[in-house]
Amino acid sequence: MTPFILRRWQESDIPALAKYLNNKKIWDNCRDRLPYPYTSEDAASFIQYAKSQDVQNNYCIEINAEAVGNISFDRGTDVERFNAEIGYWIAEPYWNKGIMTQALRQAVSDYFSQTDVVRIFANVYAGNFASMRALEKAGFQKTGIQHSACFKNGRFLDCHCFELLKEDTL
């Protein structure tokens with residue numbers, strides 16, 4: 001497998017982030033709040049946001065000294081404050097190489113160790129089988145399917161739900 005490093009984002013990552021995330025195939029599997037097309041200005045704003053966090057919630061995936069992906073945790077609020085939603089992407093040249101599964105395992109372990117979160121969940125659009133496989137190989141359990149739960153690219157999609165409990169990783 002291709003070696004990778006998980007680390008914090010830095011300003012020098014702006015060109016690589018803009019290059020790799022400006023990909024409609026990636027955007028098609030992410031929330032609409034991710035801009036598309038993705039510009040250098042978008043990358044700079046994201047990196048400033050990531051750097052301002054007290055707890056690391058965004059993990060840059062670096063391969064061959066270049067930023068090629070991200071794993072993020074979005075913590076819940078109120079009664080869901082001990083939950084976090086995980087989101088992730090990796091540059092298309094690194095798809096289907098097993099990198100994301102290993103990166104997910106590392107990021108989840110680190111996030112659990114530095115927070116009091118007890119549950120991490122992911123929502124995957126129907127048809128994104130590679131993402132579903134990566135989650136399952138990283139230890140997540142599929143909990144169900146929410147039908148027509150997401151509206152993306154002008155159509156309703158089923159959402160496949162996954163979770164990982166901290167107690168299952170000890």
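Residues numbered from 1 in each chain as written. Predicted model: local features only at pLDDT ≥ 70, side-chain atom pairs only at ≥ 80, totals over all residues. Heavy atoms only, no water.

What should I look at first to understand the side chain of Glu62 in this one?
Here Glu62 shows up in strand β2 (residues 58–63). Of the residues examined, Glu62 reaches a relative accessible area of 16% and is grouped as buried. A polar atom in the side chain of Glu62 sits 2.4 Å from the side chain of Arg7. Aside from chain neighbours lying at most four places away, what touches Glu62 is Pro3, Phe4, Ile5, Arg7 and Ala67. (Helix = DSSP H or I, 4+ residues; strand = E, 2+ residues; numbered from the N terminus. Buried < 20%, exposed > 50% of the residue type's maximum accessible area, 1.4 Å probe, protein only. Polar contact = N/O pair within 3.5 Å; in protein donor to acceptor, adjacent residues only side chain to side chain. Contact = heavy atoms within 4.5 Å.)

Can you walk me through the packing of helix α4 (residues 99–114) against helix α5 (residues 129–137) in this structure?
The angle between the axes and the distance between the axes are what describe a pair of packed helices. The geometry of α4 relative to α5 is characterised by a closest axis approach of 8 Å and an angle of 45° between their N-to-C directions. Considering the angle they form, α4 stands oblique to α5. Note on packing geometry: the crossing formed by α4 with α5 is right-handed. Seen from α4, the contacting residues are Met100, Thr101, Leu104 and Arg105; seen from α5, they are Ala134, Leu135 and Lys137. Among the residues making up the contact of α4 with α5, the classes are represented as 4 nonpolar, 1 polar and 2 charged. (Axes fitted to C-alpha atoms, helices over the stretch in contact; angles between N-to-C directions. Parallel < 35°, antiparallel > 145°, perpendicular 65-115°, else oblique. Left-handed = near helix turned anticlockwise from the far one by under 90°. Nonpolar A, V, L, I, M, F, W, Y, C, P; charged D, E, K, R; others polar.)

What's the story with the nonpolar core in this structure? I'm lost.
Side chains of a nonpolar character, in soluble globular proteins, are inclined to be buried together. Counting 52 residues, the largest nonpolar core has Ile71, Phe73 and Ile86 as the members making the most contacts within it. In contact with Phe73, not counting residues within four places along its chain, are Asn57, Tyr59, Ala84, Glu85, Ile86, Ala107, Val108, Tyr111 and Ile120. Core analysis: the second largest hydrophobic core is formed by 5 residues, Tyr125, Cys150, Leu157 and Cys159 among them. (Core = buried A, V, L, I, M, F, W, Y, C linked by side-chain atoms within 4.5 Å.)

Explain the packing of aromatic side chains to me, please; I cannot follow it from the model alone.
One pair of aromatic rings is described through two measures. These are the centre distance and the angle between the planes. Per the counting criterion, the structure on display carries 5 aromatic pairs. Centre to centre, the rings of Tyr59 and Phe73 are 5.9 Å apart; their planes meet at 80°, and the pair counts as edge-to-face. Of this pair, Tyr59 sits in strand β2 while Phe73 sits in strand β3 (residues 66–75), placing them 14 residues apart in sequence. Pairing Phe73 with Tyr111 gives two aromatic rings, centres 4.1 Å apart and planes at 5°, and the pair type is stacked. Of this pair, Phe73 sits in strand β3 while Tyr111 sits in helix α4, placing them 38 residues apart in sequence. Note on accessibility: Phe73 and Tyr111 belong to one class, buried. Each residue in the set Tyr59, Phe73 and Tyr111 is aromatic and connected to the rest through ring pairs, giving one cluster. Directly above the aromatic system of Trp27 lies the positively charged group of Lys152, at a separation of 3.3 Å from the ring centroid. (Phe/Tyr/Trp six-rings, centres within 6.5 Å; stacked < 30°, edge-to-face > 60°. Lys NZ or Arg CZ within 6 Å of the ring centre and 35° of its normal.)

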